[in-house]
Amino acid sequence: MKVLRLAFCLVALAAAAAGTALADGPAIGAAAPNFQLTAIDGKSFSLADAEKQNNAVVLVFIATKCPYSNAYNDRMKQMAEDFAKKGVLFVGINSNSTEPVEEVKEHAKSHGFGFTILKDPGNKVADLYDAKRTPEVFIVDKDGKVRYHGRIDENYEDAAKVTSPDLKNAVDALLSGQAISKAETKAFGCTIKRA
Amino acid sequence: MLRRAHWTARAALAAALCLSPAFAPAAEAPRLSGELDAKGLADAIGKQKGKVVLVNFWATWCVPCRQEFPDLVRLEKAYRGRGLAVIGVSTDLAKDLPAVEKFLAGTRPDFPNYRKKSGGDDQNFIESVDGKWGGELPYSVVYARDGKKARVLSGMQSYADFEKAVSALLK
C-alpha cells in the first residue's frame, strides 16, 4: 500500500512539474526548446539545425484569420527579406487547430510570403514555448538561447506610425553584440486556437 | 348604455395593449459606459468592493470573444443577486466604435462596458491588469469580495467555466 501511495505521489509530482514547465515557457536567456516540424512546402525544419546555419532565428506564431496577425503581413514579409540579408532566418509557425495546412498554404501564397512557414499539428511547439497569441515572437540566438519574446512593434494599426519597432531593435542589438534593451514586450492579439 | 359599455371595453383593451411589453417603447440598447485607462479600470473595480467582480477583455474582431460574450450576459443575470458584478472592457480601436456599439446592441449586456482609452503603449495597460498576461484575447480576471485578484481565465471560456470561477467566491 505504501509503495502504491509513493508511486501515486511521484506521478502527481511529475505531472505538476510538467504542467509548470508548459505553463511558463522559456525565459529570456534560457535554452530554446528544440523542435522539428514540416514546412508548408513539404521540407523538414529543425530549430537546432537552423540555429547553426544562421546568426539568429526569429520564430513568429501567426494565423490566417486573426486581424492582428494579418495587420503585420506586409511588415513580416519585408522584415523576412531584410533579416535574410543579415543572416537571420524568419520563420512563421501556425499552431491554430482551426486553420488547416491547405488554408495556411493559400494564405501564404496570397500574401506573397517568401519565408518559411511551419504547421504545428496539435500545437506542440506553441505548448513548448507557451505561446498564447498571434502574432507572438521569439528570437533564438546562435547558441540556442531565447533572447527576445513579445511583439513585432507597438502599432498594429499603422506601420507608418510605429514608434517602438521592438523586433527590429532586438535583432539589430543582437547582431551588434549590444544588450537588448526591451527583451520582453506585450501587445493585444488573438488567442492561439489549441486542439 | 350598451354603446358606452362597448367604448369602455375598447378603451380598456387599448390601455391594456399600450401597457403590454409589445407596445412599450423598446428599451434603449446598451451603449459603452465610457473609456478608461489602467487607473480608470482600477477605480471601476474598486467601486464594486464587497462583490465578486469579473472583468472581461474583448474586441469585436476577436471571434472567441464574441462567442463567449452571451454566456457572460447570462452569467451576470443569474448571479447578480448573489453579489456578482461583471465589467466588460473592449480593446477595439476608436475607428471601430460603431462595431462596438452594434455588438452591444445585439448582445444587450446588463453590465457596464468600457473601451480601453486610445493612445499610449498597450503594454502598460496589459501589465497593470496582470503581469502574466501576454495580451491574448479574450481574457478575464475574477476579483474576490475583498478586491483581491482570485482567478485569471485566458482564452475562450464556456458558461460552466465562468460559473466555476465565480461560484466558489460567491459563497
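Everything quoted here is computed from the prediction, not taken from an experiment.

Visitor: Would you mind showing me how to read the confidence of the model for chain B here?
Guide: Segments scoring low in pLDDT should not have their predicted coordinates read at a detailed level. Residue and element names in this part refer to chain B. Within chain B, residue pLDDT values average 87, and 84% of them lie at 70 or more. Overall, residues 11–26 carries pLDDT values under 50, and its contacts beyond four positions in sequence, including any with other chains, amount to three contacts. The ipTM value of the predicted complex is 0.77, and its pTM value is 0.82.

Visitor: What am I meant to see in the pattern of salt bridges here?
Guide: All names here are of chain B. Summed over the entire model, instances satisfying the criterion amount to 23 salt bridges over all chains. Across the pair Arg-31 and Glu-101 runs a salt bridge, and its minimum N-O distance is 3.5 Å. Taken together, the positions of Arg-31 in the loop between helix H1 (2–19) and strand E1 (34–36) and Glu-101 in helix H4 (residues 97–107) put the pair 70 residues apart, joining distant regions of the chain. For Arg-31, a relative accessible area of 54% puts it in the exposed group. Assessed through its relative accessible area of 19%, Glu-101 is described here as buried. Glu-35 is the salt-bridge partner of Arg-115, the closest N and O atoms lying 2.7 Å from each other. Here Arg-115 is found in strand E4 (residues 113–116), whereas its partner Glu-35 is found in strand E1, with 80 residues between them in sequence.

Visitor: Would you take a moment to explain the interface of chain B and chain A for this structure?
Guide: One frequent convention defines the size of an interface as the accessible area lost when the parts assemble. Between chain B and chain A, the contact holds 23 residues from the first and 18 residues from the second. When chain B packs against chain A, close to 1,600 Å² is buried across both sides, 57% of that on carbon and sulfur atoms. Connecting chain B to chain A are two salt bridges. A salt bridge links Glu-127 of chain B to Lys-186 of chain A; the shortest N-O distance between them is 3.5 Å. At the boundary of chain B and chain A, one finds eight residue pairs in polar contact (both at pLDDT 80 or more). Mapped by element, the contributors of at least two residues to the side of chain B that touches chain A are helix H5 (122–129) and strand E5 (136–137) of chain B.

What counts, and at which threshold
Per chain, residues are indexed from 1 in the order of the written sequence. Each chain is given a letter, starting from A, and each ligand a number, starting from 1, according to the order in which they appear as written. Per-residue local features of the predicted model are confined to residues with pLDDT of at least 70, and side-chain atom pairs are confined, for both listing and counting, to 80 or more; whole-chain, interface and lining totals are unaffected and use all residues. Hydrogens and water are ignored here; the side-chain numbers use all heavy atoms of the structure. Per residue, pLDDT captures the predictor's confidence, and it can take any value from 0 to 100. Contact criterion: two residues are considered in contact whenever any of their non-hydrogen atoms come within 4.5 Å of each other. The term salt bridge refers to a side-chain nitrogen of Lys or Arg lying within 4 Å of a carboxyl oxygen of Asp or Glu. Put simply, DSSP marks the helices as runs of H or I at least four residues long and the strands as runs of E at least two long, and each gets a number from the N terminus on. Burial here depends on accessible area, computed with a 1.4 Å probe over protein chains only, as a share of the maximum for the residue type. Under 20% is buried, over 50% is exposed, and the range in between is partly exposed. As a working definition, buried area equals the accessible area (1.4 Å probe) given up by two parts on being put together, with both sides summed. For the purposes of these results, a polar contact is taken to be a pair of N or O atoms within 3.5 Å, where, inside protein, one atom must be able to donate a hydrogen and its partner to accept one; residues adjacent in sequence count only when each atom of the pair is a side-chain atom.

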